[in-house]
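Listed here are the chains, written in short residue letters.
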Amino acid sequence: MQIKVLMVCLGNICRSPLAEGILQSKVDPDKVLVDSAGTGSWHVGNPPDPRSTAVARKYGLDIGFQRCRQFTVADFDQFDMIYVMDQSNYNNVVQKARDPSDSAKVKLLLSEGNTIETEVPDPYYNSEDGFELVYHLIDQACEAIVTNLTL
């Protein structure tokens, strides 16, 4: 059985593409499928932000092939686990939930792992350093996810 994990941020160009790429690099693709989406539709069809692509490349990951898409209600049926980057994303996703089992799939990404941070900050309007910080926060959370997965 394959576990399906969805990473969600606002536009699906900065944080969730990084989270998708980082988690994919840590799991067996035959056992874990990872995808990402955004709660907004502004960037649908576009590649990730070049700064996300650059920080991923710095750590040996290629996320340039990814294309942005918007979160839909059907994602509740497709995915076992839905990780969101911040409280706003959490609220937007849970608002689309049809029942308690949909809502139960949604967690803040940083609730996994051992960090004092509760939200992955949106680096879009920040400097390059913001993308570096985001990479490391997501990487730490993805390590915890892999440890906690029961395959």
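Going by the structure above, here's the rest.
Predicted, not measured: the structure shown is a model, and the values here were computed from it.

**Student:** What exactly am I supposed to notice about the pairing of strand β1 (residues 3–9) here?
**Tutor:** Every regular strand shows the same layout, with side chains that alternate between the two sheet faces. The buried count for β1 comes to 6 of 7 residues, which makes it a mostly enclosed element. Crossover β1 to strand β2 (residues 32–38) through helix α1 (residues 15–26) is right-handed. Pairing between β1 and strand β3 (residues 81–84): 4 bridges, direction parallel. Residue pairing in the sheet places M7 in a bridge with Y83 of β3.

**Student:** Would you take a moment to explain the pattern of salt bridges for this structure?
**Tutor:** It is possible for side chains of opposite charge to pair when their charged atoms get near one another. Summed over the entire model, instances satisfying the criterion amount to 11 salt bridges. With its nearest N and O atoms 3.0 Å apart, the salt bridge here joins K58 to E132. Linking K58 in helix α2 (residues 50–58) with E132 in helix α6 (residues 128–148), this pair joins segments that are 74 residues apart in sequence. K58 gets classed as exposed once you look at its relative accessible area, which sits at 56%. Of the residues examined, E132 reaches a relative accessible area of 21% and is grouped as partly exposed. One salt bridge in this structure joins R98 and D102, with 2.8 Å as the shortest N-O distance.

**Student:** Just to check I follow, could you spell out the layout of surface pockets for this structure?
**Tutor:** In this approach a probe as big as a water molecule rolls over the atoms, and the regions it shows empty are the leftover space. Space inside the largest pocket adds up to approximately 160 Å³. Taken together, C9, L10, G11, N12, I13, C14, R15, W42, H43, D122, Y124 and Y125 make up the full set of residues lining the largest pocket.

**Student:** How should I be thinking about the packing of aromatic side chains in this particular structure?
**Tutor:** Here the distance between the centres and the angle between the planes together describe a pair of aromatic rings. Within the structure shown, the criterion is met by 3 aromatic pairs. Ring geometry for Y59 and Y135: centres 4.3 Å apart, planes at 15 degrees, overall stacked. Of this pair, Y59 sits in the loop between α2 and α3 (75–78) while Y135 sits in helix α6, placing them 76 residues apart in sequence. The exposure class of Y59 is partly exposed, given its relative accessible area of 31%. Overall, Y135 belongs to the buried group, its relative accessible area being 5%. Look at Y124 and Y125: their rings are 4.7 Å apart centre to centre, the planes differ by 90 degrees, and that puts the pair in the edge-to-face class. Owing to a relative accessible area of 29%, Y124 belongs among the partly exposed residues under this scheme.

Cut-offs applied
- Counting starts from 1 at the beginning of each chain's written sequence and moves along it residue by residue.
- Where totals are concerned, whole chains, interfaces and linings use all residues; where local detail is concerned, this predicted model gives features only for residues with pLDDT of at least 70, and gives and counts side-chain atom pairs only at 80 or more.
- Excluding hydrogens and water, the side-chain figures rest on all heavy atoms present in the structure.
- For the exposure calls, accessible area comes from a 1.4 Å probe over protein chains only, and a residue counts as buried if that area is under 20% of its type's maximum, exposed if over 50%, partly exposed in between.
- By definition, any uninterrupted DSSP run of H or I lasting at least four residues is a helix, any uninterrupted run of E lasting at least two residues is a strand, and each is numbered from the N terminus.
- With strands facing away from the observer, any crossover in which the path from the first strand over the helix to the second runs clockwise is taken as right-handed.
- Pairing between two strands is assigned when DSSP locates at least 2 bridges connecting them.
- Throughout this description, the term salt bridge denotes a Lys or Arg side-chain nitrogen within 4 Å of a carboxyl oxygen of Asp or Glu.
- Put plainly, a pocket is an open set of points on a 1 Å grid over the protein atoms alone with protein on both sides within 12 Å along at least five of seven lines, a cavity is a set where a 1.4 Å probe fits but cannot get out, and a lining residue has an atom within 4 Å of a point.
- Grid points are joined across faces, edges and corners, and a volume is the space filled by probe spheres set on the points.
- Paired rings are identified among Phe, Tyr and Trp, the last through its six-membered ring, by centres lying within 6.5 Å, and are further divided according to the angle between planes into stacked (under 30 degrees), edge-to-face (over 60) and tilted (the rest).

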